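Spelled out from the first residue to the last, the chains are:
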Amino acid sequence: MNKTIARATGAAVLAGLMTLAPTVASAATTVQETRAFLGTTVEKTSASAKRTALQQAYNEASMYGYTPDQCVTIHLYSVKISFVMYRGEAGIHCTK
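Quick notes on the rules
Residues numbered from 1 in each chain as written. Predicted model: local features only at pLDDT ≥ 70, side-chain atom pairs only at ≥ 80, totals over all residues. Heavy atoms only, no water. Pairing = 2+ DSSP bridges. Helix = DSSP H or I, 4+ residues; strand = E, 2+ residues; numbered from the N terminus. Axes fitted to C-alpha atoms, helices over the stretch in contact; angles between N-to-C directions. Contact = heavy atoms within 4.5 Å. Disulfide = S-S within 2.5 Å. Buried < 20%, exposed > 50% of the residue type's maximum accessible area, 1.4 Å probe, protein only. Core = buried A, V, L, I, M, F, W, Y, C linked by side-chain atoms within 4.5 Å. Salt bridge = Lys/Arg side-chain N within 4 Å of Asp/Glu carboxyl O.

Trainee: Give me the pairing of strand 3 (residues 86–95): which residues, what numbers.
Mentor: Here strand 1 (residues 34–43) runs beside strand 3; their pairing, made up of 10 bridges, is antiparallel. Paired with Thr34 across the two strands is Thr95, which belongs to strand 3. Bridge analysis of strand 2 (residues 71–80) against strand 3 gives nine bridges, and the strand direction is antiparallel. The partner of Lys80 across the bridge, within strand 3, is Tyr86. Count of turn residues in the strand 2/strand 3 antiparallel hairpin: five residues.

What follows is the structure, given as structure tokens:
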């Protein structure tokens with residue numbers, strides 16, 4: 001039983017050190033701030049729902065000091081929610 005506890009403790013310590021290794025390595029180079037932003041809307045067409053949702057995500061990012069060239073679109077889609085309405089969602093990931 002003591003061997004099992006020692007192995008589990010050793011594995012936990014090793015896992016903890018492995019998670020710190022990339023952090024320490026990246027801290028030695030440059031510190032980058034990364035955030036994700038989400039935009040959602042409901043519009044009459046699929047294209048306008050996507051466009052408006054993406055614009056909302058970029059507007060949110062700009063409030064935190066990100067420019068459009070610092071951002072990458074992660075997902076962009078629309079779903080028909082009624083006969084004439086579409087829900088749009090856009091996600092962006094920004095790094096500076």
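Trainee: Explain the sheet that holds strand 1 to me, and be specific about the residues and the numbers.
Mentor: Sheet strands associate in pairs through backbone hydrogen bonding, adopting either a parallel or an antiparallel arrangement. Spatial ordering of the open sheet is given by 1-3-2, a layout of three strands whose pairing is antiparallel. Strands with a single pairing partner mark the edges of an open sheet, and in this sheet they are strand 1 and strand 2. Going across the sheet, the axis of each strand differs from the next one's by a mean of 10°, ignoring polarity. The sheet contacts of helix 2 (residues 46–63) involve strand 1, strand 2 and strand 3, and relative to strand 1 the element is tilted by about 145°.

Trainee: Could you give an account of the state of the cysteines, naming the residues involved and the relevant values?
Mentor: All told, the structure shown has one disulfide when counted by the stated rule. Disulfide pairing places Cys71 opposite Cys94 at an S-S distance of 2.1 Å. Of note, the bridge from Cys71 to Cys94 carries an S-S torsion of about 105° and is right-handed in sense. Taken as a pair, Cys71 in strand 2 and Cys94 in strand 3 lie far apart in primary sequence, 23 residues in all. Judged by its relative accessible area of 10%, Cys71 falls in the buried class.

Trainee: Account for the side chain of Ser48, with residues named and values stated.
Mentor: When you line up the elements, Ser48 lands in helix 2. Residue Ser48 is classed as buried on the basis of its relative accessible area of 12%.

Trainee: Can you break down the nonpolar core residue by residue, with the values?
Mentor: By size, the foremost hydrophobic cluster in this structure holds 10 residues: Phe37, Ala53, Leu54, Ala57, Ala61, Tyr66, Cys71, Ala90, Ile92 and Cys94. Within the residue set of this core, elements represented by two or more residues are helix 2 and strand 3. Beyond its immediate stretch of four places on either side in the chain, Ala53 contacts Gly39, Thr40, Thr41, Gly88, Glu89 and Ala90.

Trainee: Describe the pattern of salt bridges, and please don't skip the residues or the numbers.
Mentor: Tallied over the entire structure, the rule returns one salt bridge. Of the charged contacts, one joins Glu89 and Arg87 as a salt bridge, the two residues approaching to 2.8 Å between their closest N and O atoms. For Arg87, a relative accessible area of 30% puts it in the partly exposed group.

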